[in-house]
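Inside the fold
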Amino acid sequence: MNVPLSQSFYNQPTLELAIALLGKKLIHDTDDGICEGYIVETEAYMGPHDRAAHSYNNRRTARTEVMFGEAGTIYTYTMHTHVLLNIVCAQKNIPHAILIRAIEPLEHCIPLLKERRKAAKNNAQLTNGPGKLCQAFNINMSYNGKSIFLPPLYIAEGKDIKQIVESKRVGIENSGEAKDFLWRFYEQDNVYVSKRD
DNA sequence: ATCTCGATTCCCT
DNA sequence: GGGAATCGAGATT
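The paragraphs below set out a description of the structure included in this document. Predicted model only: the values in this text are computed from it and were never measured. (Residues numbered from 1 in each chain as written. Chains lettered and ligands numbered in written order. Predicted model: local features only at pLDDT ≥ 70, side-chain atom pairs only at ≥ 80, totals over all residues. Heavy atoms only, no water.)

Of all residues adjacent to DNA strand B, which total 23 residues, the nearest are Y77, N86, G131, K132 and G171. Separating a base nitrogen of DNA strand B from a side-chain N or O atom of N86 is a distance of 2.8 Å. Put simply, the parts of the chain that give the surface near DNA strand B at least two residues each are β3 (74-79), β4 (82-89), β5 (96-105) and α4 (130-137). (Near = heavy atom within 4 Å. Polar contact = N/O pair within 3.5 Å; in protein donor to acceptor, adjacent residues only side chain to side chain. Helix = DSSP H or I, 4+ residues; strand = E, 2+ residues; numbered from the N terminus.)

The tally for this structure, following the rule as stated, stands at 14 salt bridges. When the shortest N-O distance is used, the salt bridge between K25 and E36 registers 3.6 Å. Note that K25 is positioned in strand β1 (residues 25-30) and E36 in strand β2 (residues 33-46), a separation of eleven residues in sequence. Under the relative-accessibility criterion, K25 is labelled buried at 11%. Linked through salt bridges whose partners overlap, the residues forming this network are E41, E43, R101, R184 and D197. (Salt bridge = Lys/Arg side-chain N within 4 Å of Asp/Glu carboxyl O. Buried < 20%, exposed > 50% of the residue type's maximum accessible area, 1.4 Å probe, protein only.)

Moving on, we come to the environment of R101. If you trace the backbone, R101 turns up in strand β5. A polar contact is formed between the side chain of R101 and the side chain of E41, at a distance of 2.9 Å. Within the local environment of R101, its side chain forms a polar contact with the side chain of S194, the two groups lying 3.2 Å apart.

Here it is in structure tokens:
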């Protein structure tokens, strides 16, 4: 039933891909069960000229190296003890990536997600943030550099998203003009979105 | 070796 | 809406 989208899907312009990812299904097949949910919020980070990106000015370090790889490569990093999930895109050596910020989980895996996220006071808090969804889906740093079109962590077709909102990215106040770029996309009125305008 | 500062989350007011 | 928690990457000495 869940068929991974082919690598060619990730070979489209970054902003278009950030929008195309909305509604797609993220699946993680783990030892304690399968978790799956629709991507409902994304953010684009566009390398050399985006001051908010780790790869700003083509900064190339051990951490950012995977951003220079092929479209469809997974980029995970830790921020304030939380793991964040990104999909590398654009051509090789152009360090763009898309941050997955929120997931609408399928009903059947909610019990499993609750076990992993004790702090959640309601269903929305299970996956309404980039660190939360990684904790809920048990996504860790071992996926850094792997491919998002291969199990056990992959993306498949999902649902249609009717209303898409574009807005400013979250948590980058100190990045000059880049803080005002409308490079965050989410499904309007979806309760799993981390921050709605 | 040391310093700074987050692509966050949680708890409190 | 504000502040603490918390720790590693990247820059600086």
